[in-house]
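Fold and contact review
Letter by letter, the chains look like this.
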Amino acid sequence: MWAASCLASCCAACACDACRTVVSGISRRSARIAYCGLFALSLIVSWILREVAAPLMEKLPWINHFHKTPDREWFETDAVLRVSLGNFLFFTILSILMVGVKNQKDPRDGLHHGGWMAKVICWCLLVILMFFVPNEIVSFYESISKFGSGLFLLVQVVLLLDFVHGWNDKWVGYNEQFWYIALFVVSLVCYVATFAFSGLLFHWFTPSGHDCGLNTFFIVMTLILVFVFAIVALHPAISGSILPASVISLYCMYLSYSGLASEPRDYECNGLHRHSKAVSTGTLAVGLLTTVLSVVYSAVRAGSSTTLLSPPSSPRAGKPLLPLEKADEKEKESSKPVTYSYSFFHIIFSLASMYSAMLLTGWSTSVGESGKLVDVGWPSVWVRIVTAWATAGLYIWSLVAPVLFPDREF
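Residues numbered from 1 in each chain as written. Predicted model: local features only at pLDDT ≥ 70, side-chain atom pairs only at ≥ 80, totals over all residues. Heavy atoms only, no water.

Considering the pattern of salt bridges
A side chain with one charge can pair with a side chain of the opposite charge if their charged atoms come near. Tallied over the full model, the rule gives 4 salt bridges. Across the salt bridge formed by R50 and E51, the nearest N and O atoms sit 3.1 Å from each other. Two residues, D78 and R82, come together in a salt bridge whose shortest N-O distance is 2.5 Å. Highlighted residues: D78 and R82, both in helix 4 (residues 72-97), separated by 4 residues, approximately one helical turn. (Salt bridge = Lys/Arg side-chain N within 4 Å of Asp/Glu carboxyl O. Helix = DSSP H or I, 4+ residues; strand = E, 2+ residues; numbered from the N terminus.)

Now the structure itself:
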């Protein structure tokens, strides 16, 4: 017993030293990566507790206060939601604290980039505290998470559109034959991949001998949108480019695949169900990794976006309409403005916390329908399909809006 106590103390001391070393090495430039790492840690904790915390939670009287103990899946979902709620509160509090930060002289700028030991401790305390809140609060959070997840997907779409338009403008701006050829080659590759992907979707999700009209509708609708993108982008009145159209086409086809692959494994039109038992562990790992990469990209891209996050005082927001006075110029030189909105940056993580909880719980419908597979169930199917349609609508709007409203800036 004494040896075990000493070993535990040594391990705790080593863990504390390791944490102190890591957080002391976080610089101003690496702060955004550190937030992404903290978010990734929350996903790992959620996944672990989803697998191992159910027996312990069944013994907690303020959680299991039912006359009849729920199934194990209920406690697994509850554990994920409680970790997600703590993560959501952590980033929401930071977002509120960062409202109005416009330059680096603001004391809150130091809070955003530093104080990592205190932030990690606060994050841990919030997550632990969520396991003591009543079930009614967790149930309410579960309800609003569905709306927050949809908003996060919408933000992802806006960031993607901003990215592809910026990518196209940059290559066209070089005004050299090499970049025009590169633009054509990338567009061609995206279109080939899109149509090859659609063929695989027909093969996997419309098996012969089954009535799979819904799956056929989803795939055909996506193909129609692909042709609409090209027609609208190449219309003389639009003067668009084929590169954004090809990238958005491939992304919409991927969303269609993602939605169809999320159909229940016992659904006869889901051609992947024959392999579900063999790859269930791999599906968990890939699903979690995809979630982390998606959220990290959205957060980092959001922090660099020139259209969503740049505060009025940022250099990315453009030049002032009136010339500055000399005193103002000196003050501007002494107080360097921030390059992105810290508040909105943390909102991205708050929404991502909701989205990740929905993925890990199958949109809270995995019980009795899809077992332990991540992001599987009819709600997930419709969320992905509707996201693909929303992406199509926003892209088409980004093309036609300048023509319909020439006096407005887009």
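A short note on the packing of aromatic side chains
Two descriptors summarise a pair of aromatic rings, namely the distance from one centre to the other and the angle between the planes of the rings. Following the criterion strictly, the structure yields 28 aromatic pairs and no others. Ring geometry for W62 against F132: centres 5.3 Å apart, planes inclined by 20 degrees, an arrangement best described as stacked. In this pair, W62 is assigned in the loop between helix 3 (54-57) and helix 4 and F132 in the loop between helix 6 (116-129) and helix 7 (135-174), connecting sequence segments 70 residues apart. Relative to Y257, the ring of F197 lies with its centre 5.4 Å away and its plane at 40 degrees, an arrangement referred to as tilted. Of this pair, F197 sits in helix 8 (residues 177-205) while Y257 sits in helix 10 (residues 242-261), placing them 60 residues apart in sequence. Taking the relative accessible area as the measure of exposure, F197 reaches 17% and is therefore buried. Through a chain of ring-to-ring contacts, the aromatic side chains of Y35, F39, F90, F91, W116, F345 and F349 assemble into a single cluster. The aromatic ring of W116 is capped on one face by K119, whose charged end is 4.0 Å from the ring centroid. (Phe/Tyr/Trp six-rings, centres within 6.5 Å; stacked < 30°, edge-to-face > 60°. Buried < 20%, exposed > 50% of the residue type's maximum accessible area, 1.4 Å probe, protein only. Lys NZ or Arg CZ within 6 Å of the ring centre and 35° of its normal.)

Describing empty space enclosed by the protein
Applying the stated rule across the entire model yields 2 cavities of 30 Å³ or more. A volume near 60 Å³ is recorded for the largest cavity. In this structure, the largest cavity is lined by F39, S42, L43, S46, V80, V83, S84, N87, S353, S356, A357 and L360. When residues of the lining of the largest cavity are traced back to their parent elements, those giving at least two are helix 2 (31-52), helix 4 and helix 13 (342-360). A per-class count over the lining of the largest cavity returns 6 nonpolar, 6 polar and no charged. (1 Å grid on protein atoms, 1.4 Å probe; cavity = no way out; pocket = protein on both sides within 12 Å on 5 of 7 lines; lining within 4 Å. Points joined across faces, edges and corners; volume = space filled by probe spheres on them. Nonpolar A, V, L, I, M, F, W, Y, C, P; charged D, E, K, R; others polar.)

Quick notes on the environment of F195
Structurally, the position occupied by F195 is in helix 8. The exposure class of F195 is partly exposed, given its relative accessible area of 35%. Put simply, F195 and L223 are 28 residues apart on the chain and 8.2 Å apart in space, counted from C-alpha to C-alpha. Apart from the residues within four sequence positions on either side, F195 is in contact with L223, V226 and F227. (Contact = heavy atoms within 4.5 Å.)

Focus on a nonpolar patch on the surface
A grouping of I181, F184, V185, L188, V189 and V192 is seen on the molecular surface, where their side chains present a nonpolar patch of about 560 Å² in accessible area. Take V185: it is sitting in helix 8. For V185, a relative accessible area of 41% corresponds to the partly exposed category. (Patch = residues over 30% accessible without salt bridge, like charges linked within 9 Å, V, L, I, M, F, W, Y side chains within 5 Å. Areas by Shrake-Rupley, 256 points an atom, 1.4 Å probe, with all protein chains shown as cover.)

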